[in-house]
Amino acid sequence: MPNCGACDMIRLPDILMCGGDATPWKVRLVTASGSPVSSIDVSGASAELAISRYGLVSGLGGDAVLPEPDVTADGSVETDDDGNVCVSFSLDSGDTEELRGKYLYQITIDLGDGPRVCQGVLTIRPNINR
C-alpha cells in the first residue's frame, strides 16, 4: 500500500490488506484547510499509528471501556519524491499475520500545535500461508 492518502480532519480512507503484509504505510500531511504541510512546519513532529478491532467497545459514553490496540507503531516524517511531507509507518509481518477482519486504524499527528487525530477502517484478509 504505497499511499494511504491525505490525512484530513474527517476520515482517512478505507484500507484492504492481507495479514502479514509489511509494505510501509505513507500518509501525506495536510493542514486543517487542506493545503500541503511544508517541510518547515514538521521539525519536531511526531506521529503514532494504532490498530484496534472494530466495535470492541463496552459501556456507554464516559463509562466506555476501550481495548488496548492490537498494533501500534511510531511514524517518521519524511518528504516523498513529489515533495509532499508524509508520515511513514513500518510494520513487521508478524504484527498483522494473525489478524483478520475489520479494524479501526487511528493516526495521531502532532506538528507542534497539539495532536490531530484521524481514523479510518482497515480490513485485513487472512494470511493463508502462515
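From a predicted model like this one, the values you see are computed outputs, not experimental measurements.

## Structural notes on the overall build of the protein
So, step 1. Each helix and strand counted, the protein has 1 helix and 9 strands in total.
So, step 2. Along its sequence from the N terminus, the protein presents helices and strands in the succession β-β-β-β-β-β-β-α-β-β.
So, step 3. In the protein, buried positions account for 33% of the 130 residues.
So, step 4. By sequence separation, contacts in the protein at least 24 residues apart represent 60% of the contacts at least 6 residues apart.
So, step 5. Total accessible area computed for the protein in this model is approximately 7500 Å², and 49% of it derives from carbon and sulfur atoms.

## Considering the pairing of strand β9 (residues 115-125)
Here is the key point about a regular strand: its side chains alternate between the two faces of the sheet.
So, step 1. Judged from the 4 bridges that link them, strand β2 (residues 15-18) and β9 form a sheet pairing that is parallel. Counted as the bridge partner of Met17 is Ile124 from β9.
So, step 2. Once strand β8 (residues 101-110) ends, the chain turns through 4 residues before running back antiparallel as β9, passing Gly112 with a positive phi of about 105°.

## Comments concerning the sheet that holds β9
The pairing of strands in a sheet comes from backbone hydrogen bonds and takes either a parallel or an antiparallel form.
So, step 1. Read across the sheet, 5 strands follow the order β2-β9-β8-β4-β5 without closing on themselves; strand pairing throughout is mixed. The open sheet is flanked by β2 and β5 (71-74), the only strands paired with a single partner. If you compare each strand with its neighbour and ignore which way they point, the axes differ by 25° on average.
So, step 2. Here strand β4 (residues 46-53) runs beside β5; their pairing, made up of 4 bridges, is antiparallel. Its bridge partner lying in β5, Ala50 is registered against Thr72.

## Describing the packing of aromatic side chains
So, step 1. As enumerated under the stated definition, the model contains 1 aromatic pair in all.
So, step 2. Considering the side-chain rings of Trp25 and Tyr105, the 5.3 Å spacing of their centres and the 90° angle between planes classify their relative orientation as edge-to-face. With a gap of 80 residues between them, Trp25 in strand β3 (residues 25-29) and Tyr105 in strand β8 connect regions that are remote in the sequence.
So, step 3. For Trp25, a relative accessible area of 1% puts it in the buried group.
So, step 4. Of note, Lys102 hangs over the ring of Tyr54, and the distance from its end group to the ring centre comes to 4.3 Å.

## Concerning the nonpolar core
So, step 1. By size, the foremost hydrophobic cluster in this structure holds 24 residues, and its most contacted members are Trp25, Leu49, Ile51, Tyr105, Ile107 and Leu122.
So, step 2. Contributing elements (two or more residues each) for this core: β2, β3, β4, β5, β7 (85-89), β8 and β9.
So, step 3. Of the residues forming this core, the biggest block, 4 residues, is contributed by β8.
So, step 4. Setting aside its immediate chain neighbours within four residues, Leu122 contacts Ile15, Met17, Trp25, Ile51, Gly101, Lys102, Tyr103 and Tyr105.

## Thoughts on the side chain of Ser88
So, step 1. The residue Ser88 is located in strand β7 in this model.
So, step 2. Accessibility expressed as a relative area gives 8% for Ser88, which makes it buried.
So, step 3. Those residues in contact with Ser88 that lie beyond four places of it in its chain are Pro24, Trp25, Lys26, Asp74, Gly75, Ser76 and Glu78.

Cut-offs and rules
- Residues numbered from 1 in each chain as written.
- Predicted model: local features only at pLDDT ≥ 70, side-chain atom pairs only at ≥ 80, totals over all residues.
- Heavy atoms only, no water.
- Helix = DSSP H or I, 4+ residues; strand = E, 2+ residues; numbered from the N terminus.
- Buried < 20%, exposed > 50% of the residue type's maximum accessible area, 1.4 Å probe, protein only.
- Contact = heavy atoms within 4.5 Å.
- Areas by Shrake-Rupley, 256 points an atom, 1.4 Å probe, with all protein chains shown as cover.
- Pairing = 2+ DSSP bridges.
- Axes fitted to C-alpha atoms, helices over the stretch in contact; angles between N-to-C directions.
- Phe/Tyr/Trp six-rings, centres within 6.5 Å; stacked < 30°, edge-to-face > 60°.
- Lys NZ or Arg CZ within 6 Å of the ring centre and 35° of its normal.
- Core = buried A, V, L, I, M, F, W, Y, C linked by side-chain atoms within 4.5 Å.

Geometric descriptors of this kind do not, in isolation, establish any biological role.
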